[in-house]
Amino acid sequence: MKNQSLIETRRIYPKKIAGGFCFKLQLGNDPTNGNDGSLSTRWVANDNLYPHWWRVELGTNCNLSAVTTDWFGTGGRSYQYKIEVSTNDINNVVAVDKTGNTSKANTTDIFSALARYVRITVTGVVPTGGNASFYECLVYGNVVPSVSLAPTSINKHYNGNLQQHDCPLLAE
């Protein structure tokens, strides 16, 4: 990905999907394997009942531009999935909908979103019977610069005299 940096990923939180199955993992194929930088480890859901999801917290809000997923079983499986993003881990927005995907290759999905959390929800696999699984999920984009809202002193000239004012807003 030209001119983009790989965002450092920090934490993964397994929770329950409302109205779906619990996020479950196959022993030895933990969620942390999904972004550990190794193509020899992988995340695997513990059963083939869908949906299953994997989520990562990026540590801060980021301007996202793409997600690349190195799926298990490429060439023989196609995964149906969606990518959801959130700034607060409560209100998720669908950034990519590939619930009709038929490609049997690794995927790179290009989109634009502001988010701290990225969730891949696998809704199915063809041929049926396989578990949701991938080697790596790489999130691309840039960290949003932080803004300080600390009080600032502003110097300005009024009728030729220097005056200093404490201003709770950012100086221009």
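Here, the structure is the one placed above.
Model, not experiment: these values are computed from the prediction.

### Topic: the environment of Pro-51
Relative to the assigned elements, Pro-51 resides in the loop between strand 2 (43–44) and strand 3 (52–71). By relative accessible area, which is 23% here, Pro-51 ends up partly exposed. Remark: the alpha-carbon pair of Pro-51 and Tyr-81, spanning 30 residues in sequence, is separated by 8.8 Å.

### Here we look at the packing of aromatic side chains
On inspection of all chains with the given rule, the structure shows six aromatic pairs. Pairing Trp-54 with Phe-134 gives two aromatic rings, centres 5.2 Å apart and planes at 85°, and the pair type is edge-to-face. A residue pair is termed long-range when its members are at least 10 positions apart, and Trp-54 in strand 3 and Phe-134 in strand 7 (residues 133–143) qualify at 80 residues. Summarising the burial analysis for this pair, Trp-54 and Phe-134 share the class buried. A centroid spacing of 5.2 Å and a plane angle of 45° characterise the contact between Trp-71 and Tyr-81, whose relative ring orientation is tilted. With Trp-71 in strand 3 and Tyr-81 in strand 4 (residues 78–86), this pair connects stretches of sequence that are 10 residues apart. For the pair Trp-71 and Tyr-81, a shared accessibility class is recorded, and that class is buried. Connected via pairs of aromatic rings, a cluster forms that spans Trp-43, Trp-54, Trp-71, Tyr-79, Tyr-81 and Phe-134. Of note, Arg-42 hangs over the ring of Phe-72, and the distance from its end group to the ring centre comes to 3.6 Å. Above the plane of the ring of Trp-53 lies Arg-119, whose end atom (NZ or CZ) is 5.1 Å from the centre.

What counts, and where the lines are drawn
Residues numbered from 1 in each chain as written. Predicted model: local features only at pLDDT ≥ 70, side-chain atom pairs only at ≥ 80, totals over all residues. Heavy atoms only, no water. Helix = DSSP H or I, 4+ residues; strand = E, 2+ residues; numbered from the N terminus. Buried < 20%, exposed > 50% of the residue type's maximum accessible area, 1.4 Å probe, protein only. Phe/Tyr/Trp six-rings, centres within 6.5 Å; stacked < 30°, edge-to-face > 60°. Lys NZ or Arg CZ within 6 Å of the ring centre and 35° of its normal.

Any functional reading would require information beyond the geometric quantities listed.
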